[in-house]
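Structure at a glance
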Amino acid sequence: MSHSEKHSGMANAIRFLSMDAVEQAASGHPGLPMGAADLATVLFTSVMEFDPKEPNWPDRDRFVLSAGHGSMLLYSVLYLLGYEDIDIKQIKKFRQLGSKTAGHPEYGHAAGIETTTGPLGQGLANAVGMAIAERKLNAEFGDDIVDHRTYCLAGDGCLMEGISQEAITLAGHLRLNKLVVLWDDNAISIDGPLSLADSTDQPARFRAAGWNVISIDGHDPEQILTTLKDVADADKPTMIACKTTIGFGAPTKAGTAKAHGSPLGSDEIKATRKALGWDHRPFHVPADILDDWRIAGLRSGQKRKEWEKRFAALDAEKRGEFQRRIRGDMPAGFADAIAALKTQLAEEQPKRATRVSSQAVLEVINEVVPETLGGSADLTGSNNTKTSQTEPITADDFSGRYIHYGVREHCMAAAMNGMALHGGMVPYGGGFLVFSDYCRPSIRLAALMGLRVIHVMTHDSIGLGEDGPTHQPVEHLAALRAIPNLQVLRPADAMETAECWQVAMEADNVPSVIALTRQGVPAARTEFMAENLCARGAYEIAPADGVAEVTLFASGSEVTIALEARSMLQADKVPTRVVSVPCFELFAAQSDEYQSSIIGEAPVRVAVEAAVRQGWDRFIGVDGAFVGMSGFGGSAPYGELYEYFGITAEAMVAAAMAKTG
């Protein structure tokens, strides 16, 4: 058998597994796997280094299927290579309840799925983050331990999404030379020919962003292999424009939108089998072809063993440090450092914006946790995300610990996901809370994947003042709290800020948003407690003098307002307690008994937050009173805005008295 015939058989195995699985599921996208099968065959059998027997080998090459709708390409490859999690039963259960072969690849379902993709462009930005993590860890641990590549298969849709521009310009700016993007240039989208909607010169666009660009025939295995090997020594990221035919081999649907997102149909599949000379029943891969794939899967086993020998030869301290980071554990001194900081805060009781307190906490964290990688979307001075330990990363020097992302919030969020997925890093990035809208798709995916990614979102309310309603978040806290498996943390003062950072750092399978003020706030917590009270989500910060008649609930900067209202009510002989609510999600995770004790039995409940009411009824009930926002903010000094919108202690007292009457 010639090399060409061997390649064709291996590539056709991907094509027919994919079209058979989509046909059986009566749902899916056969076109991309059929069109990109030649690319995947060469990449996985002759170029990438990985080991299906040790799929989490830290120095493996990464593959990201940004065009996640073509998931059967990845599932077919993983089965053919011998990954244990994906057997033929899983291929046959494509898109079925409980299967590992979901409609779009989902991180955690099976080894070899490096990230969850489907929302187009996200995978491309994830790959940028993975490439940054590789360069960063390489700078610290050296070529012997960290020296691998990131490959990303992106489609026309990925490149049309706006996030792609943010991602490719950042990658070009940082000269991520171990990043290779394979563009599946098939000129077809769901609606039809790409020319209906787009006429961008993509190679020129990538060149303008500082990329190396090569155009090839995506169905010529020799050209694919030569190109992939040639770019191994590139000094900047590479985009390979791979001209392909969607639905390759299908006699009437190849090259058309009909091959994109629906089963080919039994007649077309039968004709495709004949056209490609695949005389085998559905889901059957001949033994010789399967053997070729399985042998290819073992190709890098020896390199992995050599890496293990080099790793074992490291001194014990460096080896243990690397292992700890890959596991995601906090260093031994982390909890003690936070406790020492809390002791200091109890003594000093600082009055300052929580964004400033956050920077003070980060100064402590970054000293004891070397794997943090900070950044900001061109708001470093406003987000207070940079500390004395975090020199900026540059294209020439990755020893730093800070990324100037520029005005690229969406890419920042998705790239941080890629860093967390890569392992060995704890990424955090800064932005204004109102611009969480620009990050939301990536935050949602971090929550879906269970990644420790920390978003430092400052200027968290009308308290930012004069910039006005375009920059004042009103609905954003509620919108973020609606995302499952996301911690939205809104600390009231310096003490709570320290505790919220500890919560975020120790939550290794949950992303966090820390919402912080621009305006100064006094110390609400003035005594040291070893327990992290914020970890309970809500707690009594001030008890009632006697049996409580009123309970006031508050978060963030409004805790101070609630404490002032309590003093006023108690002066009028109305026993009042205050509950600080830094995190809805953590509170919901507490026992029923704890939740009941915190909500309490006071007949009157009032909540205050400089945001919309949505979500607060779980604390105050539908009959409770809410002091907050019901519309957009305004442009004025923050003190005037709080008065104008009635977010005051007096308003809370009035609301409580109206309910007691």
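Summarised in this report is the structure supplied together with it. In this convention, every chain numbers its residues from 1, walking through the sequence in written order. With pLDDT at 70 or above as the cut-off, local features in this predicted model cover only qualifying residues; side-chain atom pairs require 80 or more to be listed or tallied, and sums for whole chains, interfaces and linings still use all residues. To obtain the side-chain values, all non-hydrogen atoms of the structure were included, while hydrogens and water were left out.

**Remarks on the overall build of the chain**
The cut-off we apply is this: In this description a helix means any DSSP run of H or I spanning at least four residues, a strand means any run of E spanning at least two, and both kinds are numbered starting from the N terminus. Note that the radius of gyration is over C-alpha atoms, with the globule rule given as 2.2 Å times the number of residues to the power 0.38. When a residue's accessible area, from a 1.4 Å probe over protein chains only, is under 20% of the maximum for its type it is buried; when over 50% it is exposed; and in between it is partly exposed. In what follows, residue pairs with any heavy atoms lying within 4.5 Å of each other are defined as contacts. Here the Shrake-Rupley method, with its probe set to 1.4 Å, supplies the accessible areas, and only the displayed protein chains count as covering residues. Charged residues are defined here as Lys and Arg on the positive side and Asp and Glu on the negative side; His and the ends of the chain fall outside this count. Where a charge lies is defined by one atom per residue type: Lys uses NZ, Arg uses CZ, Asp uses CG and Glu uses CD.
Within the chain, the secondary structure is distributed over 26 helices and 20 strands. Whereas a compact globule of 661 residues would reach a radius of gyration of roughly 26 Å, the chain reaches 28 Å, a difference of no more than 12%. Across its three principal directions, the C-alpha atoms of the chain cover 95 × 55 × 45 Å. Residues classed as buried in the chain amount to 61% of the 661 residues present. Here the analysis covers contacts within the chain between residues at least 6 apart in sequence; of these, 77% occur between residues at least 24 apart. Here the chain has roughly 24400 Å² of accessible surface; of this, 49% comes from carbon and sulfur atoms. A distance of 5 Å separates the average location of the 60 positive side-chain charges in the chain from that of its 84 negative side-chain charges.

**Here's the deal with the environment of D59**
Put simply, the test is: Here a polar contact is recorded for every N or O atom pair within 3.5 Å, except that within protein the pair must consist of a potential hydrogen donor and a potential acceptor, and residues adjacent in sequence are included only if both atoms are side-chain atoms.
Mapped onto the fold, D59 is located in the loop between α2 (31-47) and β1 (62-65). Residue class for D59 comes out buried when judged on its relative accessible area of 6%. In this structure the C-alpha to C-alpha distance between D59 and E49, which are ten residues apart in sequence, comes to 8.6 Å. Those residues in contact with D59 that lie beyond four places of it in its chain are I145, V146, D147, H148 and W307. A distance of 2.7 Å separates a polar side-chain atom of D59 from the backbone nitrogen of D147.

**Some words on the packing of helix α14 (residues 334-348) against helix α20 (residues 494-506)**
To be explicit about the condition: All axes here are fitted lines through C-alpha atoms, helices being fitted over the stretch that makes contact, and every angle between N-to-C directions spans 0 to 180 degrees. For classification purposes, angles smaller than 35 degrees are called roughly parallel, those larger than 145 roughly antiparallel, those between 65 and 115 roughly perpendicular, and all remaining angles oblique. Nonpolar residues are Ala, Val, Leu, Ile, Met, Phe, Trp, Tyr, Cys and Pro. Charged residues are Asp, Glu, Lys and Arg, and all others, Gly as well, are polar.
At a minimum axis distance of 9 Å, the contact between α14 and α20 shows a crossing angle of 170°. One finds that α14 runs roughly antiparallel with respect to α20. Across the interface between the two elements, F334, A335, I338, L341, K342, L345 and A346 from α14 touch A494, M495, A498, E499, Q502, M505 and E506 from α20. The class makeup of the residues in the contact of α14 with α20 is ten nonpolar, one polar and three charged.

**Considering the nonpolar core**
Applicable threshold: Here the nonpolar core consists of buried residues drawn from Ala, Val, Leu, Ile, Met, Phe, Trp, Tyr and Cys, with membership extended through side-chain atoms lying within 4.5 Å.
Grouped together as the largest cluster of nonpolar side chains are 123 residues, with contacts concentrated most on F44, I132, W211, L228 and W293. Every residue in contact with W211, bar those within four places of it in the chain, is listed here: I168, A171, G172, L179, V181, F206, K236, P237, T238 and M239. Counting residues in each nonpolar core, the second largest holds 78 residues, with F334, L552, A607 and A656 among its members.

**A look at the pattern of salt bridges**
Here is the rule we go by: The term salt bridge refers to a pairing of a side-chain nitrogen on Lys or Arg with a carboxyl oxygen on Asp or Glu at a separation within 4 Å.
Inspection of every chain in the model, using the stated rule, returns 25 salt bridges. Residues R15 and D38 are paired through a salt bridge, measuring 2.7 Å at the closest nitrogen-oxygen approach. Here R15 is found in helix α1 (residues 3-25), whereas its partner D38 is found in helix α2, with 23 residues between them in sequence. For D38, a relative accessible area of 5% corresponds to the buried category. The shortest N-O distance in the salt bridge between R175 and D396 comes to 2.3 Å. Residue R175 is found in the loop between α7 (162-173) and β3 (179-185), and its partner D396 is found in the loop between α16 (380-383) and β10 (402-404); the two are separated by 221 residues along the sequence. You can call R175 partly exposed: its relative accessible area is 32%. D396 gets classed as exposed once you look at its relative accessible area, which sits at 67%. Bridged by salt links that share partners, the residues E140, E321, R324, R325 and E371 form one connected network.

**Topic: the sheet that holds strand β18 (residues 576-580)**
Basically, it comes down to this: Note on pairing: DSSP must find at least two bridges between two strands before they are called paired.
With respect to topology, five strands assemble into an open sheet ordered β16-β18-β17-β19-β20, the strand pairing being mixed. Looking along the sheet, the strands with just one partner apiece sit at the ends: β16 (539-542) and β20 (625-627). Pairwise comparison of adjacent strand axes, ignoring direction, gives a mean angle of 30° for this sheet. Relative to β18, β16 runs antiparallel, the two sharing three bridges. In the strand pairing of β18, Y539 is matched with S580. Against the sheet, helix α26 (residues 649-660) makes contact with β17 (550-554), β19 (604-608) and β20, and its axis sits at roughly 155° relative to β19, the strand it touches most.

**So, helix α18 (residues 436-449)**
Applicable threshold: Expected helix span is computed as 1.5 Å times (number of residues minus one). Consider a residue and the seven residues that end there alongside the seven that start there; fitting an axis to each set, the bend is the angle between those axes.
Its 14 residues give α18 an end-to-end C-alpha distance of 18 Å, which sits within 8% of 20 Å, the value for a rise of 1.5 Å per residue. The largest bend in α18 is about 35°, located at S442. Among all positions of α18, only S436, C439, S442, I443, L445, A446, A447 and M449 are buried. G450 sits one or two positions beyond α18 and adopts a positive phi of about 70°.

**Some thoughts on unusual backbone geometry**
Of note in the backbone geometry, R175 takes a positive phi value of approximately 50° without being a glycine. The backbone phi angle of D378 is positive, close to 65°, even though this residue is not glycine. Summarising the element assignment, D378 is placed in the loop between β9 (372-376) and α16.

**Brief notes about the pairing of β3**
Among the seven residues that make up β3, seven are buried, leaving the element largely enclosed by the rest of the structure. Two elements, strand β2 (residues 150-155) and β3, share six bridges in a ladder whose sense is parallel. Looking at β3, one finds that Y151 is bridged to V180. Here β3 runs beside strand β7 (residues 238-243); their pairing, made up of six bridges, is parallel. Bridge pairing in β7 places D185 opposite K243.

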